[in-house]
Amino acid sequence: MSFAQNRTDIYSEVQVDTILHGDYSIRALLIDGSTLYYGADKSRIGYINVATEQRMEFRYEVEDLEFRSIAKTRDHIFALNAGSPAVLTKMNKDGSDLKVVYDDYNPKVFYDSMQFWNNYEGIAVGDPLKGCMAIVITRDGGKNWRRLPCSVLPPVIEGEAAFAASNTNIVVKGDRTWIVTGGAVSRILYSPDKGKSWFLSDTPIVSGQSTTGIYSADFYDFKYGFIVGGDYTKPEMNNQNKAITTDGGQTWKTVADNAGFGYASCVQFVPDGDGAQLVTVGPSGLQYSSDYGKTWTQLYADPSLYTIRFQNSRTAYAAGKNKIIKITFKN
């Protein structure tokens, strides 16, 4: 890809509007047309239609759960909590007919992210159990989920895990899947065939401690991807916390080392940005790059945002502590 220096659609400011405020911790956002779905702490799942302002929220009453993963098919919304017991719920898009389709009461279970390849096949990933990442897959539209045996997955390194920071530990494009890890090592698990076979690649993202590693990933296409992370206990540390791939995740190269933001919990490509435009959120606020991550500009200083999703190239929604906001990007 090439970056045109004379582009006129580079963003220089944002307009921010609060659309939800209260005692929340929100790390899971999903945009489906004009409806924004969210998973939150205190067993809360909800939606806001940003066109009609219709909204709904309910609590899953069995446990005090923190829903940090959310995904969709054509007809249903799925939410999955972090921690034990793990409860994966399925509901109609109007919030009706909520049911549990998978649960796990292992005291060590901790799920981090969930995505769907299509209307029938989906995947969720959790921290290691019995020597491999806990990966569950559905092939029937989310009615049934089965955990993959460790015999078909790469073994983990002692101390390797994942972070349920923003529901971006998994990226899916077509049949392809990338899962990012951290802790003792910062690696990529890659599947070219919707979870049937798996391969490993290393990254230069900082590792070695339980708080270090890759916290978020996004891919613009099959080749070009970006990962961010660092150490959330050292939010100003801005080296070995961002990296780029141009070969589908086989190899990675750090960018903006000792420059730009420190720890970040979420990265996303700007739609229709030719792969050159990226945003991140985290303690350094909303950061924006128009040159493949080489340089970064802070467009909004809020340090309490955990996750962000784009509705289109100029409109995004971000969530975090106590809020969901609408972000309009401007030249």
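Residues numbered from 1 in each chain as written. Predicted model: local features only at pLDDT ≥ 70, side-chain atom pairs only at ≥ 80, totals over all residues. Heavy atoms only, no water.

1. Some remarks on the sheet that holds strand 8 (residues 99-104)
Spatial ordering of the open sheet is given by 5-6-7-8, a layout of four strands whose pairing is antiparallel. Of all the strands in the sheet, just strand 5 (66-72) and strand 8 have a single pairing partner and so form its edges. Sheet twist, expressed as the average angle between the axes of neighbouring strands with direction ignored, equals 20 degrees. As defined by bridge partners, strand 5 adjoins strand 6 (residues 76-82) across six bridges and the pair is classed as antiparallel. For Ala71, the partnering residue across the bridge sits in strand 6 and is Phe78. (Pairing = 2+ DSSP bridges. Helix = DSSP H or I, 4+ residues; strand = E, 2+ residues; numbered from the N terminus. Axes fitted to C-alpha atoms, helices over the stretch in contact; angles between N-to-C directions.)

2. With respect to the environment of Leu299
With respect to the helices and strands, Leu299 occurs in strand 26 (residues 297-300). Looking at Leu299, the relative accessible area reads 13%, which means it is buried. Residues Leu299 and Val50 lie 249 residues apart in sequence; the distance between their C-alpha atoms is 23 Å. (Buried < 20%, exposed > 50% of the residue type's maximum accessible area, 1.4 Å probe, protein only.)

3. Focus: the state of the cysteines
Evaluated as defined, the whole model comprises one disulfide. Note that Cys132 is cross-linked by a disulfide to Cys150, the S-S spacing being 2.1 Å. Around the S-S axis, the bridge from Cys132 to Cys150 shows a dihedral of about -75 degrees and counts as left-handed. Note that Cys132 is positioned in strand 11 (residues 132-138) and Cys150 in the loop between strand 12 (146-147) and strand 13 (160-161), a separation of 18 residues in sequence. Here Cys132 falls in the buried class, since its relative accessible area comes to 1%. (Disulfide = S-S within 2.5 Å.)

4. Description of the packing of aromatic side chains
Per the stated rule, a full pass over the model turns up 19 aromatic pairs. Between Tyr224 and Tyr292, the aromatic rings sit 5.5 Å apart at their centres with planes inclined by 80 degrees, giving edge-to-face as the arrangement. Placement of Tyr224 in the loop between strand 19 (212-219) and strand 20 (225-231) and of Tyr292 in the loop between strand 25 (286-289) and strand 26 is noted, with a sequence separation of 68 residues between them. Relative accessible area serves as the criterion here: at 10%, Tyr292 is assigned to the buried category. Each residue in the set Tyr11, Tyr288, Phe310 and Phe329 is aromatic and connected to the rest through ring pairs, giving one cluster. Here the basic side chain of Arg176 rests over the ring of Phe222, its NZ or CZ set 4.0 Å away from the ring centre. (Phe/Tyr/Trp six-rings, centres within 6.5 Å; stacked < 30°, edge-to-face > 60°. Lys NZ or Arg CZ within 6 Å of the ring centre and 35° of its normal.)

5. Focus on the pattern of salt bridges
Scanning the model with the defined rule gives twelve salt bridges in all. Glu66 serves as the salt-bridge partner of Arg68, at 3.2 Å between the closest nitrogen and oxygen. The partner of Glu121 in a salt bridge is Arg139, and the shortest N-O contact between them spans 3.0 Å. Of this pair, Glu121 sits in the loop between strand 9 (111-116) and strand 10 (122-129) while Arg139 sits in the loop between strand 11 and strand 12, and the two are 18 residues apart along the sequence. Shared partners join several salt bridges into a network, and the residues in it are Glu121, Arg139, Asp175 and Lys194. (Salt bridge = Lys/Arg side-chain N within 4 Å of Asp/Glu carboxyl O.)

6. A few points about the side chain of Ser304
Assignment of secondary structure puts Ser304 in the loop between strand 26 and strand 27 (305-312). A distance of 2.7 Å separates polar atoms of two side chains, one belonging to Ser304 and the other to Asp302. At 2.8 Å, the side chain of Ser304 and the side chain of Lys323 are in polar contact. If sequence neighbours within four positions are ignored, Ser304 has contacts with Gly320, Lys321 and Lys323. (Polar contact = N/O pair within 3.5 Å; in protein donor to acceptor, adjacent residues only side chain to side chain. Contact = heavy atoms within 4.5 Å.)

7. A word on the nonpolar core
The biggest cluster of nonpolar side chains holds 17 residues, and the ones touching the most others in it are Val279, Leu286, Leu299, Ile308, Ile327 and Phe329. Those elements that provide at least two residues to this core are strand 24 (278-281), strand 25, strand 27 and strand 28 (315-330). When residues of this core are assigned to their parent elements, the largest contribution, five residues, is made by strand 28. Look past the residues within four positions of Leu299 in its chain and what remains in contact with it is Tyr11, Ser12, Glu13, Val14, Leu286, Tyr288 and Phe329. (Core = buried A, V, L, I, M, F, W, Y, C linked by side-chain atoms within 4.5 Å.)

8. Details of unusual backbone geometry
Residue Ser84 is joined to Pro85 through a cis peptide bond whose omega torsion reads 0 degrees. When you line up the elements, Pro85 lands in the loop between strand 6 and strand 7 (86-92). Despite not being glycine, Asp272 shows a phi value in the positive range, around 60 degrees. Locating Asp272 in the fold gives a position in the loop between strand 23 (266-269) and strand 24. The class for Asp272 is exposed, based on a relative accessible area of 63%. One non-glycine residue, Asp274, lies in positive phi territory at about 60 degrees.

9. Side note on the sheet that holds strand 11
Strand order across the open sheet formed by four strands is 9-10-11-12, with antiparallel pairing between neighbours. Because the sheet does not close on itself, it has two edges, and the strands there are strand 9 and strand 12. In this structure, strand 10 lies alongside strand 11, joined through six bridges in antiparallel fashion. When the sheet's bridge partners are listed, Leu129 is paired in strand 11 with Cys132.

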